[in-house]
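Architecture and fold: a report
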Amino acid sequence: MSETGAIAVDPDSMAHKRDAFLARIGLGALIMGIVNVTPDSFSDGGKFETAAAAVAQARRLAQEGAAIIDVGAESTRPGHEPVPAEVERARLEPLLGAIVASVAEPVSIDTSKASVARFATGQGVAFINDVWGLQRDPAMADVVAESGAGVVIMHNRGELDPECDIVDDMRRFFDKSLMLAEKAGVPRQRIILDPGVGFGKTRQQNLQAIHGMRALLTYELPILLGVSRKSLLRSLVPDAPVSAAQVEPRLVATIAANLAGAAAGAAIFRVHDVADHVAAFKVFDAIERA
């Protein structure tokens, strides 16, 4: 099969990858590696738009220890320009099936559009990562249920409200999303929650969302944390080098935030820098087990 050629999707393989990943949750930190195939993502826009580059990046992240690969074809950075579903799908068509076929790990699709999610699961994608938590596209919950995919339900807000109690807001949001999932027939054991750091929140609310993840543990569902290289971290750590080795400040800040998130109950960490997080969590998990 060529990197851009069509593939025959094996539903049993998708289900096996999905269930094997879910079975690992709770046994140690799991790293989700990011492959953005967009021209405008805030950190790596334009780097992996070709099939060859995207497949190579997915393989590299898997070799570095990623337990799952998250592919996105629409930037969700603050101030991003939304793209139509046809554009998002066109970016994925040359490469998504090739990525799925090139790694043993499950692949997730970062999209809030049901039609894109349906296409992606047809390519063998095992998880749908919805930044609007099943609440933006009314067909999304049905696509999740019908495809058999797992789902990441992320908290989001349409606008900032500095007076909002963000932890209470997350709980109300997740209550609604879980109701939609149940109504559609999505098995609860395939659901992961994400507090949505950087989405519809002030700086203080983003910090409260990480600290307040403890309140989400009552759902008895895994929690995914995505803070990698986000502007929240730049506001906390200056961009000047922090060591003679010229370590990137936002990498240090990202690892610190993810370790704090792990202490608050997160189990899965969506990052650009997989190898660095695998090393950090080897130490964290060893201490936890001790």
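The structure this text deals with has already been given above.
A brief look at the structure comes next.

Conventions used here
Throughout, a residue's number is its position along its own chain's written sequence, starting from 1. Thresholds applied to this predicted model are a pLDDT of at least 70 for local features of residues and 80 or more for the giving and counting of side-chain atom pairs; totals over whole chains, interfaces and linings are not thresholded and use all residues. Hydrogens and water are ignored here; the side-chain numbers use all heavy atoms of the structure. Note on conventions: DSSP H or I runs of at least 4 residues are helices, E runs of at least 2 residues are strands, and numbering of each starts at the N terminus. Only protein chains enter the accessibility calculation, which uses a 1.4 Å probe; a residue is then buried when its area is under 20% of its type maximum, exposed when over 50%, and partly exposed in between. Note on pairing: DSSP must find at least two bridges between two strands before they are called paired. Note on contacts: a residue pair is in contact if any heavy atoms of the two residues lie within 4.5 Å. Between the N-to-C directions of two axes lies an angle of 0 to 180 degrees, each axis being a line fitted to C-alpha atoms and, for a helix, fitted only over the stretch in contact. Each nonpolar core is a collection of buried residues, namely Ala, Val, Leu, Ile, Met, Phe, Trp, Tyr and Cys, held together in the definition by side-chain atoms within 4.5 Å. A clockwise turn of the near helix away from the far one marks a right-handed crossing, whereas an anticlockwise turn of less than a right angle marks a left-handed crossing. The span expected for a helix works out to 1.5 Å for each residue beyond the first. Each polar contact in these results corresponds to two N or O atoms within 3.5 Å; when the atoms are within protein, one needs to be able to donate a hydrogen and the other to accept it, and residues that are neighboring in sequence are counted only if both atoms are side-chain atoms. The rule for a salt bridge is simple: a side-chain nitrogen of Lys or Arg has to be within 4 Å of a carboxyl oxygen of Asp or Glu.

Some remarks on unusual backbone geometry
One non-glycine residue with positive phi stands out, namely Leu 134, at about 75°. Mapped onto the elements, Leu 134 comes out in the loop between strand E4 (127–130) and helix H6 (140–147). By relative accessible area, which is 4% here, Leu 134 ends up buried. A positive phi is found at Arg 229, a non-glycine position, where the angle reads about 60°. For Arg 229, a relative accessible area of 16% translates into the label buried.

Topic: the sheet that holds strand E8 (residues 268–271)
Reading across the sheet, the eight strands line up as E6-E5-E4-E3-E2-E1-E8-E7 and stay open at both edges, with parallel pairing between neighbours. Looking at which strands have only one partner, the edges of the open sheet turn out to be strand E6 (191–194) and strand E7 (224–225). In the sheet, E7 pairs with E8 via two bridges, with the strands oriented parallel. Note on E8: the bridge partner recorded for Leu 225 is Phe 269. Its contacts with the sheet put H6 on E4 and strand E5 (150–154), and the angle it makes with E4 is roughly 165°.

Section: the nonpolar core
Ranked by size, the top nonpolar core spans 72 residues in total, and within it Ile 69, Val 71, Leu 92, Val 107 and Ile 191 carry the most contacts. Broken down by element, this core gets its largest block of residues, seven residues, from helix H7 (residues 166–184). In this structure Leu 92 touches Val 37, Val 71, Ala 73, Ile 109, Val 116 and Phe 119, once residues within four positions along its chain are discounted. Core analysis: the second largest hydrophobic core is formed by 15 residues, Met 14, Ile 68, Ala 126 and Ile 192 among them.

Side note on the packing of H7 against helix H8 (residues 203–211)
A pair of packed helices is characterised by two quantities: the angle between their axes and the separation of those axes. Where H7 meets H8, the closest approach of the two axes is 9 Å, and the angle between their N-to-C directions is 65°. Where H7 crosses over H8, the handedness of that crossing is right-handed. For the pair formed by H7 and H8, the contact residues are Ile 166, Val 167 and Met 170 on the first element and Gln 205, Gln 208 and Ala 209 on the second.

Comments concerning H7
Over its 19 residues, H7 runs 27 Å from end to end, which matches the ideal 27 Å to within 8%, given 1.5 Å per residue. Taken together, the buried residues of H7 touch E5, E6 and H8. Sitting at the head of H7, Asp 165 places a side-chain oxygen 3.2 Å from the backbone nitrogen of Val 167. Following H7 by one or two positions, Gly 185 adopts a phi angle in the positive range, close to 95°.

A word on the pattern of salt bridges
This structure, assessed with the given rule, holds ten salt bridges. As a salt-bridge pair, Arg 270 and Asp 70 come within 2.8 Å of each other at their nearest N and O atoms. Linking Arg 270 in strand E8 with Asp 70 in strand E2 (residues 68–72), this pair joins segments that are 200 residues apart in sequence. As a salt-bridge pair, Arg 229 and Asp 273 come within 2.8 Å of each other at their nearest N and O atoms. Taken together, the residues span a long stretch of sequence, with Arg 229 in the loop between E7 and helix H9 (231–236) and Asp 273 in the loop between E8 and helix H11 (274–289) at a distance of 44 residues. Of the residues examined, Asp 273 reaches a relative accessible area of 13% and is grouped as buried. Three or more residues joined by partner-sharing salt bridges are found here, namely Asp 70, Asp 110 and Arg 270.

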